[in-house]
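# Understanding the architecture of this molecule
Letter by letter, the chains look like this.
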Amino acid sequence: MNREGTVGSVLIGLSLVGYGVGVITPYPGRSASLVGLMVGVTLLAIGTSGGRT
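Described below are features of the structure shown in this document.

Reading guide: rules and limits
- Residues numbered from 1 in each chain as written.
- Predicted model: local features only at pLDDT ≥ 70, side-chain atom pairs only at ≥ 80, totals over all residues.
- Heavy atoms only, no water.
- Helix = DSSP H or I, 4+ residues; strand = E, 2+ residues; numbered from the N terminus.
- Rg over C-alpha atoms; globule rule 2.2 N^0.38 Å.
- Contact = heavy atoms within 4.5 Å.
- Areas by Shrake-Rupley, 256 points an atom, 1.4 Å probe, with all protein chains shown as cover.
- Expected span 1.5 Å × (residues − 1).
- Buried < 20%, exposed > 50% of the residue type's maximum accessible area, 1.4 Å probe, protein only.
- Arc of directions from axis to C-beta.

Moving on to the overall build of the chain. A tally of helices and strands in the chain yields two helices and zero strands. Computed over its C-alpha atoms, the radius of gyration of the chain comes to 13 Å, more than 25% above the 10 Å expected for a compact globule of 53 residues. Across its three principal axes, the chain shows a C-alpha extent of roughly 40 × 15 × 10 Å. When contacts within the chain are restricted to residue pairs at least 6 apart in sequence, those whose partners lie at least 24 apart make up 62%. If you sum the accessible surface of the chain, you get close to 3800 Å²; carbon and sulfur atoms cover 71% of it.

Printed below as a string of structure tokens:
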């Protein structure tokens, strides 16, 4: 796995934790965790494609 895949995986994990905390204790930036999740999935998809087009 390359750098994009690693960053995507970490971002997905952090986003899920952030959203989970936001469900328990609502905070103003909770919606940013959904954006982080979408970006993380995109980076993971790019990172696992191996540069193939």
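There is more to say, and it comes next.
Turning our attention to helix H1 (residues 3-24). In this model H1 runs 32 Å from its N-terminal to its C-terminal C-alpha over 22 residues, within 8% of the 32 Å that 1.5 Å per residue would give. Looking at the buried positions of H1, the neighbouring elements they touch are helix H2 (30-48).

Residue placement: Ser-33 occurs in helix H2. Excluding anything up to four places from it in sequence, Ser-33 contacts Ser-15, Gly-18 and Tyr-19.

Bringing H2 into the picture now. For H2, built from 19 residues, the straight-helix expectation of 27 Å at 1.5 Å per residue is met to within 8% by its first-to-last C-alpha distance of 28 Å. Ser-33, Gly-36, Gly-40 and Gly-47 are the residues of H2 that are buried. In an axial view of H2, the angular spread of the buried residues amounts to 55°, which keeps them on one side of the axis. Structural note: H2 exposes Ser-31 and Met-38 on the side pointing more than 90 degrees away from its buried face. The inward-facing, buried residues of H2 abut H1.

Within the secondary structure, Val-10 is located in helix H1. According to the relative accessible area criterion, Val-10 is partly exposed, its value standing at 47%. When the C-alpha atoms of Val-10 and Gly-40 are compared, they prove to be 7.7 Å apart, with 30 residues separating the residues in sequence.

Read these as spatial facts, not as claims about activity.
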